[in-house]
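Summary of the model geometry
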Amino acid sequence: LLHACLSGEPPLEESSTLETLTRICTPRQTPLREVNPAIPAPLSTLVDQLLEKDPARRPQSAREVAASLGNTGGEATDAGQTWVEGGMPRLASLPSVADPSPAPEPSSQSYTARRTSLRWGGAFALLAVLAAALLWRMERPSLAPAGKPESPLRVVVRRPETGAGESAQLLASSLRISLLRSLLGFSGISPLTEGDDVAGSPAQVARALAVQEILTSRLDCVRESCQIALQRVRGSDGQTLWSSRSFSVDADRPYLVEEAVQGYLADAYSGFPRRPGAAPLEVRPVDYTQYLRLRRTFEAKRAGETLSADALIAQLEALRASSPRFVDAYVFEAEVRQQRSKTRQDPADLDRAADLLRQAQQIAPADPRPLTGQFGVAMLRGQWDRAEEALAGLERLQPGDPGLLVRRARLLEKRGESEKALALMREGVSRYPSWRNLFQAAQMESSLGHFNAARHDAEQLLANYPESYEGLTELAEIELLHGDLLRAVALYSRLVERYLRPGEISNLGTAQMYLGSYREAE
């Protein structure tokens, strides 16, 4: 709106809705200084920053924008505009309408100057209102436009730093699960645990996962006693927003960790209301310890630990019978059955997974995990109406969550509404540009023939997360099939150097063959 007021035209509007959405997601707008050189450079720069595609490049707070608006007075114009302390404009005095003396006939130059002065006066009046609104907003952070809820705070719960030993490892698993469950009890917070393979500083992790905050934890155990310390870290710059004092837990009683954690997180996120209907942890201590062992074995199967899906499911069934209101066991068993269905192709596994997730939802209706699982199962079964029901339930629990746009886009794509799906996917990615969402967007765009847009999303993915295997393979495939073969060779060479997988070696040879480099291809 500010760009349009100062330039006379919308910055990103095109002839059709789809072209406008594409322009919003891809190329930058024309800088204001190129539209009108009379616009002060600091103001032009501020507007360009506010319209950055990448949220990390935009001003990070209303206070920062208000300060920038206050400093735009460093450059005067030649249109009768004068400035006052603090950066707000003051118009040069104009003749009073009550003055009976005849006004001189204005020259074309003075008329143009006066008209320009009035136009700038209106523009800077808007700036004054905007600055005041931003400052008011800082005092009223909970208000949102009617009918359009604010996006929840995305917080990634990192794997705890810990020492060796099984008891420490089990306690670390309990700590992470407890942090996740506790955050699910707050309205306006969307916690996630993905991205353990993303390394780097907090800012790099936050950029790759498109989260605003990182919740870290440290666990130090000496014999039967363990010390836990928590930190709430801002993703944009790695600044610590809150840290707990170190507190003790019993290494032999991991089921008590959640009770300890809840009190500290209530202090850390005191500005967020509790979600009504959040289910407490209801599990026998011995069953909880068994659950942690099974979960750890399942997640570490790639490291060589083996436990058949049949044995795992049998133990989870016994665990649920012993602690019938332990929601996590239902969700976990449904996850295992989904995994087994991919290898056995037995529809009964998906039927049972759906049933388990419905039971979990009845136990904990305010927990979004059962609904998320129901959406995944419905998509695998091709039950689009069931998937829609699950999405509707998630939207009630997590209003404003941009991740739901991405899920809905996937559902529309499965239903054959490709262009609608693509427009929604782009909207979701613009608000939640995690590497996974950018990867899904690039795949969707490639399948629909939008190769330049797919290339842009893959490049943004790699800019946010340079080590992403998925990003490298997607961009390399785009270049191999629809772009620059030399770049494809460079990308596949990089992949072969880092991962050395048969598919990448084969594609590297194919790209070299197309270039006529037959010896290298062979």
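This is a predicted model, so every value here is computed, not measured.

Let us now look at the overall build of the protein. Within the protein one finds 23 helices and eight strands. Per-residue burial over the protein gives 43% buried out of 522 residues. When contacts within the protein are restricted to residue pairs at least 6 apart in sequence, those whose partners lie at least 24 apart make up 58%. For the protein, the exposed area adds up to about 26600 Å²; of that, 51% sits on carbon and sulfur atoms.

On to the confidence of the model for the protein, then. With 81% of its residues at a pLDDT of 70 or more, the protein has an overall mean of 84. Residue range residues 74-118 is modelled with pLDDT below 50. Its contacts to residues more than four positions away, or to other chains, number 42 contacts. Note that pLDDT drops below 50 for residues 136-146; the model gives that stretch nine contacts with residues more than four away or on any other chain.

Our next topic: the environment of S236. By the element assignment, S236 lies in the loop between β6 (225-234) and β7 (240-243). Classification of S236 by relative accessible area gives partly exposed; the value is 40%. Between the C-alpha atoms of S236 and P202, which are 34 residues apart in sequence, the distance is 8.0 Å. Residues in contact with S236, not counting those within four places in the same chain, are Q60 and A203.

Now for helix α5 (residues 62-70). Listing the buried residues of α5 in full gives A62, V65, A66, L69 and G70. Buried residues along α5 cover an arc of 140 degrees about the axis, so they all sit on one side.

Attention now goes to the packing of helix α18 (residues 435-447) against helix α19 (residues 451-464). At a minimum axis separation of 8 Å, α18 and α19 run at an interaxial angle of 165 degrees. It follows that α18 is roughly antiparallel to α19 by the angle criterion. Every pair of crossing elements has a handedness; the one defined by α18 and α19 is left-handed. Contact with α18, carried on its side by W435, L438, F439, A441, A442, E445 and S446, involves F451, A453, A454, D457, A458, Q460, L461 and N464 of α19 and no other residues of that element. Here the residues of the contact of α18 with α19 sort into 10 nonpolar, three polar and two charged.

Further remarks concern the packing of helix α10 (residues 285-299) against helix α11 (residues 309-322). Each pair of packed helices can be summarised by the angle the axes make with each other and by the distance between the axes. For the pair α10 and α11, the least separation of the axes is 10 Å and the interaxial angle reads 155 degrees. In this view, α10 runs roughly antiparallel relative to α11, as classed from their interaxial angle. Judged by the twist between their axes, the crossing of α10 over α11 is left-handed. Here D287, Q290, Y291, L294 and F298 of α10 come into contact with α11, specifically with L312, Q315, L316, L319 and S322. Looking at the contact of α10 with α11 residue by residue, the class counts come to six nonpolar, three polar and one charged.

With respect to the helices and strands, the residue R337 is situated in helix α12 (residues 327-344). For R337, a relative accessible area of 7% puts it in the buried group. Not counting residues up to four positions away in its chain, the partners in contact with R337 are I313, E317, D349, R352, A353 and L356.

With that out of the way, let us pick up the nonpolar core. Counting 28 residues, the largest nonpolar core has V156, V198, L209, V211, I214, M425 and W435 as its most contacted members. If sequence neighbours within four positions are ignored, M425 has contacts with V406, A409, R410, N437, Q440, A441 and M444. Among the nonpolar cores identified, the runner-up in size contains 25 residues, and L153, F186, A251 and Y269 belong to it.

This part covers the pairing of strand β8 (residues 247-250). In β8, alternate side chains face the same way, and those of F247 and V249 are buried while those of S248 and D250 on the opposite face are not. Note: β6 against β8, four bridges, orientation antiparallel. The partner of S225 across the bridge, within β8, is D250.

This part takes up the pairing of strand β5 (residues 213-222). The pairing of strand β3 (residues 153-157) with β5 spans three bridges and is parallel. Bridging across to β5, V155 finds its partner in E213. In terms of strand pairing, β5 meets β6 through 10 bridges, oriented antiparallel. Across the sheet, the residue bridging to V222 is S225, located in β6. Counting the residues between successive antiparallel strands, the hairpin from β5 to β6 contains two residues, one of them, R223, with a positive phi of roughly 60 degrees.

Under the counting rule described, the total for this entry stands at 10 aromatic pairs. Their ring planes at 65 degrees and their centres at 6.0 Å tell us that Y269 and F272 sit as a pair that is edge-to-face. On the accessibility criterion, Y269 (1% relative accessible area) is buried. Seen in terms of ring centroids, Y291 and F332 are 5.7 Å apart; in terms of plane orientation they differ by 90 degrees. Their pairing is edge-to-face.

A separate point is α18. The first and last C-alpha atoms of α18 sit 18 Å apart over 13 residues, in line with the 18 Å expected at 1.5 Å per residue. Its buried side turned inward, α18 meets α8 (202-209), α16 (403-414), α17 (418-431), α19 and α20 (469-482).

A few words on the pattern of salt bridges. Where charged atoms from two side chains of opposite charge come close, those side chains can pair. The final tally for this structure, using the stated rule, is 35 salt bridges. D196 is paired through a salt bridge with R159; the nearest N and O atoms lie 3.1 Å apart. With D196 in the loop between β4 (189-192) and α8 and R159 in the loop between β3 and α7 (166-184), the pair connects residues that are 37 residues apart, well separated along the chain. Note on D196: relative accessible area 29%, which makes it partly exposed.

This part covers unusual backbone geometry. One non-glycine residue, A210, lies in the positive phi region at around 55 degrees. Secondary-structure assignment places A210 in the loop between α8 and β5. You will see that Q345, though not glycine, has its phi angle at about 55 degrees, which is positive. With respect to the secondary-structure elements, Q345 resides in the loop between α12 and α13 (347-363).

Cut-offs applied
Residues numbered from 1 in each chain as written. Predicted model: local features only at pLDDT ≥ 70, side-chain atom pairs only at ≥ 80, totals over all residues. Heavy atoms only, no water. Helix = DSSP H or I, 4+ residues; strand = E, 2+ residues; numbered from the N terminus. Buried < 20%, exposed > 50% of the residue type's maximum accessible area, 1.4 Å probe, protein only. Contact = heavy atoms within 4.5 Å. Areas by Shrake-Rupley, 256 points an atom, 1.4 Å probe, with all protein chains shown as cover. pLDDT = per-residue confidence, 0-100. Arc of directions from axis to C-beta. Axes fitted to C-alpha atoms, helices over the stretch in contact; angles between N-to-C directions. Parallel < 35°, antiparallel > 145°, perpendicular 65-115°, else oblique. Left-handed = near helix turned anticlockwise from the far one by under 90°. Nonpolar A, V, L, I, M, F, W, Y, C, P; charged D, E, K, R; others polar. Core = buried A, V, L, I, M, F, W, Y, C linked by side-chain atoms within 4.5 Å. Pairing = 2+ DSSP bridges. Phe/Tyr/Trp six-rings, centres within 6.5 Å; stacked < 30°, edge-to-face > 60°. Expected span 1.5 Å × (residues − 1). Salt bridge = Lys/Arg side-chain N within 4 Å of Asp/Glu carboxyl O.

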